[in-house]
Amino acid sequence: MALEDAKTQVDTAFTRKSNRGYSFENAFGGATSFLRRTYTKDLTGVDLAITGVPFDQAVTHRAGTRFGPRAIREASTLQPYDPPFGWPTNPLEEMSIIDYGDLAFDYAKVSDFPATLTAHIRTILAAGAGTVTLGGDHYITFPILKAYAEKFGPLGVIHFDAHSDLWPDDDLGRIDHGTMMYKAVKQGYVDPARSVQIGIRTTTEDYLGVQVITAREAHEWGVAKVVETVKGIVGDRPTYLTFDIDALDPAFAPGTGTPVWGGLASWQAAAMLRDLAGINLVGGDVVEVSPPYATTGATAIAGAHVAYELICLYHWARTQR
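This write-up is about the structure you can find in this document. (Residues numbered from 1 in each chain as written. Predicted model: local features only at pLDDT ≥ 70, side-chain atom pairs only at ≥ 80, totals over all residues. Heavy atoms only, no water.)

## Some remarks on the overall build of the chain
- Of regular secondary structure, the chain possesses 11 helices and 9 strands.
- Judged by the C-alpha coordinates and their principal axes, the chain covers about 60 × 45 × 40 Å.
- Counting only residues that meet the buried cut, the chain has 57% of its 321 residues in that class.
- Across the chain, contacts joining residues at least 24 apart in sequence account for 74% of those joining residues at least 6 apart. (Helix = DSSP H or I, 4+ residues; strand = E, 2+ residues; numbered from the N terminus. Buried < 20%, exposed > 50% of the residue type's maximum accessible area, 1.4 Å probe, protein only. Contact = heavy atoms within 4.5 Å.)

## Considerations on the pattern of salt bridges
- Counted under the stated rule, the structure contains 11 salt bridges.
- As a salt-bridge pair, R122 and E150 come within 2.8 Å of each other at their nearest N and O atoms. Residue R122 is found in helix α5 (residues 113–126), and its partner E150 is found in helix α6 (residues 141–152); the two are separated by 28 residues along the sequence.
- In this structure, D169 and R174 form a salt bridge, with 2.7 Å as the shortest nitrogen-oxygen distance.
- Each of D169, R174, D176 and K183 takes part in a single network of salt bridges with overlapping partners. (Salt bridge = Lys/Arg side-chain N within 4 Å of Asp/Glu carboxyl O.)

## Regarding the packing of aromatic side chains
- Applying the stated rule across the entire model yields 14 aromatic pairs.
- Each ring, one from F55 and one from Y139, has its centre 6.5 Å from the other, and the planes form 45°; the classification is tilted. One end of the pair, F55, is in the loop between β2 (48–53) and α3 (68–75); the other, Y139, is in the loop between β4 (130–135) and α6, with 84 residues separating them in the sequence. Across the pair, Y139 and F55 agree in class, each one buried.
- Seen from the ring of W221, K225 lies directly overhead, with NZ or CZ sitting 4.4 Å from the centre.
- Seen from the ring of W316, R274 lies directly overhead, with NZ or CZ sitting 5.8 Å from the centre. (Phe/Tyr/Trp six-rings, centres within 6.5 Å; stacked < 30°, edge-to-face > 60°. Lys NZ or Arg CZ within 6 Å of the ring centre and 35° of its normal.)

## With respect to the environment of R73
- In this structure, R73 sits in helix α3.
- When the C-alpha positions of R73 and S164 are compared, they lie 27 Å apart, and in sequence the two are 91 residues distant.
- Apart from the residues within four sequence positions on either side, R73 is in contact with T32, S33, F34, Y39, T51, G52, D99, G101, D102 and L134.
- Within polar-contact distance, the side chain of R73 engages the side chain of D99 at 2.8 Å.
- A polar contact of 2.8 Å, which involves the side chain of R73, links it to the side chain of D102. (Polar contact = N/O pair within 3.5 Å; in protein donor to acceptor, adjacent residues only side chain to side chain.)

## Remarks on the sheet that holds strand β8 (residues 239–244)
- Strands sit in the order β1-β3-β2-β4-β9-β8-β5-β6-β7 across an open sheet of 9 strands; the sheet is parallel. Either end of the sheet is taken by a strand with one partner, and the two such strands are β1 (38–39) and β7 (211–214).
- For β8 and strand β9 (residues 281–287), the ladder comprises 6 bridges, and the chain directions are parallel. Residue F243 lies in a different strand from β9, and its bridge partner there is V286.
- Along the sheet face, helix α11 (residues 298–319) touches β2, β3 (97–102), β4, β8 and β9 and points at about 180° away from the line of β9. (Pairing = 2+ DSSP bridges. Axes fitted to C-alpha atoms, helices over the stretch in contact; angles between N-to-C directions.)

## So, the environment of Y81
- Turning to its location among the elements, Y81 is positioned in the loop between α3 and α4 (91–94).
- In the structure, Y81 is positioned 169 residues away from P250 in sequence and 29 Å away in space, judged by C-alpha atoms.
- What Y81 contacts, discounting residues up to four positions off in sequence, is Y22, S23, F24, E25, N26 and A27.
- Of note is the side chain of Y81, whose polar atom sits 3.0 Å from the backbone oxygen of E25.

## Remarks on unusual backbone geometry
- Going from G135 to G136, the amide bond is cis rather than trans, its omega being 15°.
- Residue placement: G136 occurs in the loop between β4 and α6.
- You will see that D11, though not glycine, has its phi angle at about 55°, which is positive.
- Assignment of secondary structure puts D11 in the loop between α1 (2–6) and α2 (12–15).
- Looking at D11, the relative accessible area reads 31%, which means it is partly exposed.
- Even without being a glycine, E288 presents a positive backbone phi close to 70°.
- Using a relative accessible area of 2% as the deciding quantity, one classes E288 as buried.

## A word on the pairing of β2
- A large share of β2 lies buried, amounting to 6 of its 6 residues.
- Both faces of β2 are covered, namely the face carrying L48, I50 and G52 and the face carrying A49, T51 and V53.
- Pairing of β2 with β3, which is carried by 5 bridges, proceeds in the parallel orientation. Across the sheet, I50 pairs through a bridge with D99, a residue of β3.

## Examining α6
- Taking 1.5 Å per residue, 12 residues should reach 16 Å; α6 reaches 16 Å between its end C-alpha atoms and fits that length.
- When α6 is considered as a whole, its buried residues turn out to be T141, F142, P143, I144, L145, A147, Y148 and A149.
- Those residues of α6 that are buried lie in contact with α5, β4, β5 (156–160), α7 (180–186), β8 and β9.
- With its phi angle positive at about 80°, G153 sits one or two positions after the end of α6. (Expected span 1.5 Å × (residues − 1).)

Shape descriptors only; they carry no functional weight alone.
In structure tokens, the structure reads:
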């Protein structure tokens with residue numbers, strides 16, 4: 001029983017005997033790995049690796065997302081007691097999931113960062129595992145997509161965001177969270193015909209063939225139509241999902257660098273992610289959680305829930321499709 005186990009379980013990020021199963025240690029204590037998974041660099045037999053990228057040197061406004069991975073892990077300590085709500089399967093028991101820890105990089109050599117991150121993700125993929133990455137600002141998705149495209153070819157991308165991140169920028173030396181999707185399309189990592197952005201509510205002149213569901217359209221269409229549209233776009237081929245927390249309205253996620261009003265409610269995002277079950281998800285990330293701007297912890301809580309839903313989608317793609 002959970003209450004009985006809580007008396008003896010502590011620091012299960014290091015003391016647990018298996019990469020599978022629940023954790024019942026007190027939410028307020030212990031080492032805060034994501035969902036209390038084992039902290040390890042051993043990828044043997046691992047299905048999915050959670051990894052943090054505490055990088056925020058590409059932001060256009062408010063920094064602070066370097067603290068995102070730590071805050072998301074702490075917020076996740078409320079979740080590893082039970083099966084995920086609304087899902088008929090249980091990835092914590094049925095998959096080997098680890099916390100691979102954070103990316104190590106030299107913060108003073110920003111130009112080296114993209115290759116360092118790509119190599120980090122490439123190592124995990126080469127071992128046969130997938131990744132769910134905790135950001136960090138949204139630039140991190142570009143080096144991640146490079147590693148994924150090397151393995152899977154051009155990817156379909158489901159991109160939740162207030163911004164398209166398609167600002168024109170052909171200088172690969174520029175490290176900018178507002179241009180990551182532009183670069184990913186131009187470099188051939190992303191197949192725009194199989195990609196869709198949800199929650200957009202800022203101006204972009206050219207979407208480069210990426211299809212868009214604005215925030216207003218999402219509100220007016222309803223969850224079912226949004227999900228049906230998205231599934232029709234990405235099809236059955238390998239798909240990556242990137243979730244910028246500012247896709248949510250600032251009322252639900254104030255802790256982010258570039259908040260924009262009129263966004264998704266947390267219930268809408270939860271329902272969309274749940275109903276996307278069946279897509280061929282090969283990896284994902286949640287980015288732009290900036291704890292200094294959310295004193296209640298609400299934004300990190302939202303980020304932790306998004307990451308858990310990504311785990312569920314990844315698991316579903318391997319067991320139910």
